[in-house]
Amino acid sequence: MVSRHWIDELADSLEEKLRSRGKEVLVFNGGLSVSGLQHVGRLRGEIIIPETLRRILRDRGLRIKQYLTLYTQDAWKGKESQRRAFKDPGEAKKYAGWPLIRVPDPYGCHRNWVEHFWNDFGPYIKEFTDGEIEVVTTTDLYAGKLKEFTKKTFEIRDRVREIINKYRGRKKYPESWIPFEPVCEKCGRIDKTEATKITGGEKVEYRCKNCGHHGVTSIDNGKLNWRIEWVGVWWALGVDFEPYGKDHATPGGSRDSCVDLAVNAYGVKPPEGIPYEWVAMRTRDKRIVDMSSSDFTGFTPREWFEVAHPHIYRFLVLRTPPMKKLVVSLYEIPQYYSQYYQAERIYYGVEDPGDEEKKILLSRSYELSYPHGSPPPEMPEQVPYTHLAVLVQLVPKELWATEGLKRLRNSGHLPENPTDYGVKRILETMEKASNWVKKYAPDYLKIKLLPEPDPKIIEEIPPNHREILYKMGEMLEELKEWSDEAIKNIMIEATKELSPKERRELYHNFYKLFLGQPSGPRAAPLIALIGRETSVRFLKSVKK
């Protein structure tokens, strides 16, 4: 039996279960709490995996609507990392325990905390997916469907308490417990209030343990206990499939308790679901840390989009089974492009990995990596990301589409008649590579070609090195095929008599001659992109 991509196998088992529900329109959902930095890791389980499954199952005839629920009524914890977002972290302590949606924007440019930190994430969802995802907030739901669910909860609260207490160890809720957390009208907290009496079905009396206030408020001014709220979202939206983080997946853990509640208190069929692992980040110094919203650890979809195509991130997500840790880094963008291009070659049959499982995993991950539509009919031209990172530093931005593409043709990286998609992708990648160089590239890749050979630098180059560099220039002048590989062979030939140590020293002088610094990008691609005429002129300038 031929193995299949994990997401196709998942779609098979899911299709059967979803069809058995007998619904005309099925509902997929994901859930996020905007507690701080909306990092790119949050795209994995709550957005890209369900969106890809939705598209696969739609092709099989299922009608599916997809939501993303923002838990905006959750309490702002007021962690040190969150308070540091404000000019005065000490002053910000007063917002601890407020609903997220009511915490002010620390930068003053949006209406509140949620809107500010959603800005680097929400508008980019359409770049990383087909855009057919409706975002809803629990704040809005409490004004409608969740208000109805809250009233229903009050009616069956003894049964609800009985089920939740099975999962609370020794900290059982008493018979008097009302599973609702109102917002204190005096101090604004939602995490320190206790509902003491239900009044008329739509209001609760409460006392605040923080400020001592006693008051009455409507049930759309607060939230349900989090377990009940989770079931409430399933009920309000009619959710049929929802992935969940690994922290909810332990036997007898939070998801099990919510399934129990859904079935045995509310008579709701719980959604199908799959657990997924966190996405971690590799730092500049190669440390691996889990991304965290409230700890402000990670980077956003906006930051990824500045330096890489969404396709590349989708590919990494789809290549990695959900319960396997995914580690990403903005410092490693060039190697992700290399991995993506290999998958592209396998998809178009240009490369055979020699392993059927690898072939299926990579080619299918590539095929599904396109946020909109499918891959083009013929393979696009591939130019290594680092080549473009070098090229954008050699050619002014206004000439990228003319002189830039011309140099890629001259160096053999682009045919005379490239595909439209290939050219479009190259020009987009130039823009992204230019941003990457400024923010994340290692120092040796940050270059500036000297306008002319510098006599002072030439004077410092030892005579035997000048001789070799001059010889290299002569050989390059006669070179028939101007390509990375041919140039590399010339360089090997010109330096074959040198020991490894002498060769390193020669290349220090080589880079100084061109860039005024002792290191730089790989020599052959650099020369290929600088071009024959300029390269030969610099190399032959060393002869007095």
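Within every chain, residues take consecutive numbers counted from 1 along the sequence as written. Local features are withheld for residues below a pLDDT of 70 in this predicted model, meaning they are given only at 70 or higher, and side-chain atom pairs are given and counted only at 80 or more; totals for whole chains, interfaces and linings count all residues. The side-chain figures draw on all heavy atoms in the structure; neither hydrogens nor water molecules are used.

Student: Mind showing me how you'd approach the side chain of Thr153 here?
Tutor: Relative to the helices and strands, Thr153 resides in helix H7 (residues 145-155). Thr153 gets classed as buried once you look at its relative accessible area, which sits at 0%. Residue contacts follow a heavy-atom distance rule, with two residues in contact if any of their heavy atoms lie within 4.5 Å. Beyond its immediate stretch of four places on either side in the chain, Thr153 contacts Val160, Pro179, Leu224, Ile228 and Tyr266. The secondary structure listing takes helices from DSSP runs of H or I that are at least 4 residues long and strands from runs of E that are at least 2 residues long, numbered from the N terminus. Here's how the labels work: a residue is buried when its accessible area is under 20% of the maximum for its type, exposed when over 50%, partly exposed in between, all with a 1.4 Å probe on protein chains only.

Student: Would you mind showing me how to read helix H19 (residues 463-478) here?
Tutor: Because the α-helix completes a turn every 3.6 residues, residues three or four places apart line up on one side. Helix length check: H19, at 16 residues, gives a terminal C-alpha distance of 23 Å against a target of 22 Å (1.5 Å per residue), a fit within 8%. Taken together, the buried positions of H19 are His465, Arg466, Ile468, Leu469, Tyr470, Met472, Gly473 and Leu476. Along its buried surface, H19 packs onto helix H18 (455-460), helix H20 (484-494), helix H21 (500-515), helix H22 (523-530) and helix H23 (532-540). Working rule for helices: expected span equals 1.5 Å times residues minus one.

Student: For this particular structure, what's the right way to read the nonpolar core?
Tutor: Side chains of nonpolar character tend, in soluble globular proteins, to be buried together. Counting 125 residues, the largest nonpolar core has Trp304, Tyr313, Val328, Ile333, Leu408, Trp436 and Phe510 as its most contacted members. Among residues more than four places away in sequence, those in contact with Leu408 are Val383, Leu388, Leu391, His413, Leu414, Ile426, Met430 and Leu529. Only buried Ala, Val, Leu, Ile, Met, Phe, Trp, Tyr and Cys residues count toward a nonpolar core, and they belong to the same one when joined by side-chain atoms within 4.5 Å. Residues Tyr71, Ile164, Val239 and Val268 belong to the second largest nonpolar core, which totals 35 residues.

Student: What is the right way to look at the sheet that holds strand S7 (residues 214-218) in this model?
Tutor: Note on sheets: strands pair through backbone hydrogen bonds, and any given pair is parallel or antiparallel. Strand order in the open sheet formed by 3 strands is S5-S6-S7, with antiparallel pairing between adjacent strands. For this open sheet the edge positions go to strand S5 (193-199) and S7, each flanked by a neighbour on one side alone. On average, each strand axis in the sheet is tilted by 30° relative to the strand beside it, whichever way the strands run. Pairing between strand S6 (residues 203-208) and S7: 5 bridges, direction antiparallel. Across the sheet, the residue bridging to Glu205 is Val216, located in S7. Whether two strands pair depends on DSSP finding at least two bridges between them. Every angle, taken between N-to-C directions, lies between 0 and 180 degrees, and every axis is a line fitted to C-alpha atoms, over only the stretch in contact when it is a helix.

Student: What am I meant to see in the pattern of salt bridges here?
Tutor: Note that side chains of opposite charge can pair when their charged atoms are close. Only one rule defines a salt bridge in this text: a Lys or Arg side-chain nitrogen within 4 Å of an Asp or Glu carboxyl oxygen. Counted under the stated rule, the structure contains 47 salt bridges. With its nearest N and O atoms 2.8 Å apart, the salt bridge here joins Glu134 to Lys65. A residue pair is termed long-range when its members are at least 10 positions apart, and Glu134 in strand S3 (residues 134-137) and Lys65 in strand S2 (residues 64-70) qualify at 69 residues. By relative accessible area, Lys65 is classed as partly exposed at 32%. Residues Glu115 and Arg111 are paired through a salt bridge, measuring 2.5 Å at the closest nitrogen-oxygen approach.

Student: How do you make sense of the packing of aromatic side chains when you look at a structure like this?
Tutor: Aromatic ring pairs are described here by two measures, namely the spacing of the ring centres and the angle between the planes. Any Phe, Tyr or Trp ring, taking Trp's six-membered ring, that has another such ring centre within 6.5 Å forms a pair; planes under 30 degrees apart are called stacked, those over 60 apart edge-to-face, and the others tilted. This model, assessed by the stated rule, comprises 38 aromatic pairs. Relative to Tyr340, the ring of Phe315 lies with its centre 5.6 Å away and its plane at 80°, an arrangement referred to as edge-to-face. With Phe315 in helix H12 (residues 310-319) and Tyr340 in helix H13 (residues 333-347), this residue pair connects regions lying 25 residues apart in the sequence. Across the pair, Tyr340 and Phe315 agree in class, each one buried. Arranged with centres 5.2 Å apart and planes meeting at 80°, the rings of Phe510 and Tyr511 form a pair that is edge-to-face. Taken together, the ring pairs in this structure connect Phe315, Tyr337, Tyr340, Tyr341, Tyr347, Tyr348, Tyr366, Tyr370, Tyr385, Tyr421 and Trp436 into an aromatic cluster. Over the aromatic face of Phe305 sits the side chain of Lys432, whose NZ or CZ is 3.9 Å from the ring centroid. Lysine and arginine charges are scored as sitting over a ring when NZ or CZ, respectively, is within 6 Å of the ring centre and within 35 degrees of the ring normal. Sitting above the plane of the Tyr470 ring, Lys543 keeps its charged end 4.5 Å from the centroid.

Student: What exactly am I supposed to notice about the environment of Lys126 here?
Tutor: You can see Lys126 is positioned in helix H5 (residues 125-128). Separated by 105 residues in sequence, Lys126 and Val231 have C-alpha atoms that sit 27 Å apart. Once residues lying within four places of it in the same chain are set aside, the contact partners of Lys126 are Gly131 and His372. Under the rule applied, a polar contact is a pair of N or O atoms within 3.5 Å (in protein, one hydrogen donor and one hydrogen acceptor; residues adjacent in sequence only if both atoms are side-chain atoms). Within the structure, Lys126 has its side chain in polar contact with the backbone oxygen of Pro123 (distance 2.8 Å).

Student: Teacher, can you tell me more about the sheet that holds S3 here?
Tutor: Spatial strand order, S1-S2-S3: 3 strands in an open sheet with parallel pairing. Each of the sheet's edge strands pairs with one partner strand only, and the pair in question is strand S1 (26-32) and S3. Taken pair by pair, the neighbouring strands of this sheet meet at an average axis angle of 30°, ignoring direction. Pairing geometry for S1 and S2, over 7 bridges, is parallel. Looking at the pairing, Gly31 lines up with Thr69 of S2. Most of the contacts of helix H2 (residues 42-59) go to S2, to which it runs at about 170°, and overall it touches S1 and S2.

Student: Looking at this model, I keep getting lost on the side chain of His387. Mind explaining?
Tutor: Relative to the assigned elements, His387 resides in helix H15 (residues 385-394). With a relative accessible area of 5%, His387 lands in the buried category. Not counting residues within four places of it along the chain, the set of residues in contact with His387 comprises His413, Asp484, Pro525 and Leu529.

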